[in-house]
Amino acid sequence: MFDIHARLQQLLQNRGWTAYRLALNCGLSHATIANIYKRNTVPSVATLEAICRGFGITLSQFFAEGEMVELTSELDEVFTCWADLTPRQKSASLEMMKSMHEEK
């Protein structure tokens, strides 16, 4: 079973953040974040979404096992543009990115 509290701790430690800093970043009260730990409760989906926004990650990334890539504003723009492409445009874009990656 996925341990939400352990994942929150891991994300806080990776960034060197306190629960207070997380609360500021996600727009939640410090009491809300503290209660997740004190009462050993699972946050609501809305609260978890706010927490993820504060960390700059998606819910999928929060629950992902393994290496995580942060969703920066630049990557978010790429994904938004990608979603609007036709299958042919996606294929061409992917080929272009692969060729640029090989040139490194």
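Residue positions are given per chain, counted from 1 along the sequence in the order it is written. Restriction of local features to residues with pLDDT of at least 70 applies here, the model being predicted, together with a cutoff of 80 or more for giving and counting side-chain atom pairs; totals for whole chains, interfaces and linings are based on all residues. Here the side-chain values reflect all heavy atoms present in the structure, with hydrogen atoms and water set aside.

Chemist: Which parts of the structure should I look at to understand helix H2 (residues 19–26)?
Modeler: Three- or four-residue spacings in an α-helix give side chains the same orientation, since the helix completes a turn every 3.6 residues. For the exposure calls, accessible area comes from a 1.4 Å probe over protein chains only, and a residue counts as buried if that area is under 20% of its type's maximum, exposed if over 50%, partly exposed in between. The secondary structure listing takes helices from DSSP runs of H or I that are at least 4 residues long and strands from runs of E that are at least 2 residues long, numbered from the N terminus. Three or more residues of H2 are buried, namely Leu22, Ala23 and Cys26. Angularly, the buried residues of H2 cover 100 degrees about the axis, an arc narrow enough to put them on a single face. Residues count as neighbours in contact if any of their non-hydrogen atoms are within 4.5 Å of one another. Elements that come into contact with the buried residues of H2 comprise helix H1 (4–15), helix H3 (30–38) and helix H4 (45–55). Positioned one or two residues after H2, Gly27 has a phi angle of 75 degrees, which is positive. The arc under discussion is defined with respect to the helix axis, by the directions toward the C-beta atoms.

Chemist: What am I meant to see in the nonpolar core here?
Modeler: For soluble globular proteins, nonpolar side chains are generally found buried alongside one another. Core analysis: the largest hydrophobic core is formed by 16 residues, its most contacted members being Leu8, Leu22, Ile33, Ile51, Phe55, Ile57 and Phe62. For this core, the secondary structure elements donating two or more residues are H1, H2, H3 and H4. Every residue in contact with Ile51, bar those within four places of it in the chain, is listed here: Leu8, Leu22, Cys26, Leu28, Ile33 and Ile36. Each nonpolar core is a collection of buried residues, namely Ala, Val, Leu, Ile, Met, Phe, Trp, Tyr and Cys, held together in the definition by side-chain atoms within 4.5 Å.

Limitation: the analysis is restricted to geometry and does not speak to function.
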